[in-house]
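Structural overview
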Amino acid sequence: MYRNLNSFPHILRLDIAGQPIGWIDWKAAVCLYARGIVGWTLGEMVISVRGGVCARTGERSQVDVSSIIACRGQLENQKQESIPPLSNVALFERDEGTCLYCGVVFPKRDLTRDHVVPRSRGGKDTWENCVTSCKRCNHHKGNRLLKDVPGMELLALPYAPNHAEYLALVNNRRILGDQKDFLETRFSRNYPRPLLAG
């Protein structure tokens, strides 16, 4: 069991049809159980929370929380965006910490977001136009298009992850095995995408 509940893994919340909605902490999961809107669960029980004693029956309440819970009804913030929000955390995870120009894996502190088509040239800040780059390659490319930089090319095509892929990317370090297995059944054929042939 986890000694520090602040480092406890998040619970994967689904809608009643089994579509991933997002990550919640164990406290929010217990509230959903207590409200009676958890329809079904998957995965292993990750925490058992004991409550108070019922004055009438003398029994102590207990909630056993599974790693994946599906909830009935409309929940707050349940609406999913068709394209997940772009962030450096998710971008660097999508590209596995690899500079998509030189192919070297770097620590996150040495990575930058590069716009394949620079914003000053009309490029958008979108998943399809952004790649992980080391500082050296980003500086070398500068404000130019790839065709204007001799010897520099993309090693893989950038793409927008679907919602299940995005949830795996933003929680990659704390995801449990059964949660990862569940999300992987909803990954697109793009994930992970192969490196382009040289």
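Preceding this section is the structure that the text describes.
Description of the structure in this document. (Residues numbered from 1 in each chain as written. Predicted model: local features only at pLDDT ≥ 70, side-chain atom pairs only at ≥ 80, totals over all residues. Heavy atoms only, no water.)

1. Examining the overall build of the chain
When helices and strands are counted, the chain shows five helices and six strands. Each helix (α) and strand (β) of the chain, taken in turn from the N terminus, gives the series β-β-α-β-β-α-β-β-α-α-α. Counting only residues that meet the buried cut, the chain has 43% of its 198 residues in that class. Considering only intrachain contacts with a sequence separation of at least 6, the fraction spanning at least 24 residues in the chain is 64%. (Helix = DSSP H or I, 4+ residues; strand = E, 2+ residues; numbered from the N terminus. Buried < 20%, exposed > 50% of the residue type's maximum accessible area, 1.4 Å probe, protein only. Contact = heavy atoms within 4.5 Å.)

2. What about unusual backbone geometry?
Despite not being glycine, Glu-96 has its phi angle at roughly 55°, a positive value. The exposure class assigned to Glu-96 is exposed, which follows from its relative accessible area of 56%.

3. Focus on the nonpolar core
Grouped together as the largest cluster of nonpolar side chains are 17 residues, with contacts concentrated most on Ile-11, Leu-32, Val-46, Val-65 and Ile-69. Listing elements by their share of this core, those giving two or more residues are helix 1 (26–34), strand 3 (38–53) and strand 4 (60–71). The element best represented in this core is helix 1, accounting for five residues. (Core = buried A, V, L, I, M, F, W, Y, C linked by side-chain atoms within 4.5 Å.)

4. Concerning the packing of aromatic side chains
Inspection of the entire model under this criterion finds zero aromatic pairs. Over the ring of Tyr-159 we find Arg-94, and its NZ or CZ is 5.6 Å from the ring centre. (Phe/Tyr/Trp six-rings, centres within 6.5 Å; stacked < 30°, edge-to-face > 60°. Lys NZ or Arg CZ within 6 Å of the ring centre and 35° of its normal.)

5. Comments concerning the sheet that holds strand 2 (residues 20–24)
Spatial ordering of the open sheet is given by 2-1-4-3, a layout of four strands whose pairing is mixed. Two strands lie at the open edges of the sheet, namely strand 2 and strand 3, each paired on one side alone. Shown here is a sheet whose adjacent strand axes are inclined to one another by a mean of 40°, direction ignored. Of the pairings in the sheet, the one linking strand 1 (residues 11–15) to strand 4 comprises four bridges and is parallel in character. The partner of Arg-13 across the bridge, within strand 4, is Ile-69. Against the sheet, helix 4 (residues 163–170) touches strand 1 and strand 2, its axis set at about 15° to strand 2. (Pairing = 2+ DSSP bridges. Axes fitted to C-alpha atoms, helices over the stretch in contact; angles between N-to-C directions.)

6. Some words on the pattern of salt bridges
Enumeration according to the criterion identifies seven salt bridges in this entry. In this structure, the salt-bridge partner of Lys-108 is Glu-93, at a minimum N-O distance of 3.2 Å. Within this pair, whereas Lys-108 is found in the loop between helix 2 (88–94) and strand 5 (111–115), its partner Glu-93 is found in helix 2, the two being separated by 15 residues in sequence. Classification of Glu-93 as buried rests on a relative accessible area of 10%. Asp-114 is the partner of Lys-141 in a salt bridge, and the nearest nitrogen-oxygen pair spans 3.3 Å. Of this pair, Lys-141 sits in helix 3 (residues 135–141) while Asp-114 sits in strand 5, placing them 27 residues apart in sequence. (Salt bridge = Lys/Arg side-chain N within 4 Å of Asp/Glu carboxyl O.)

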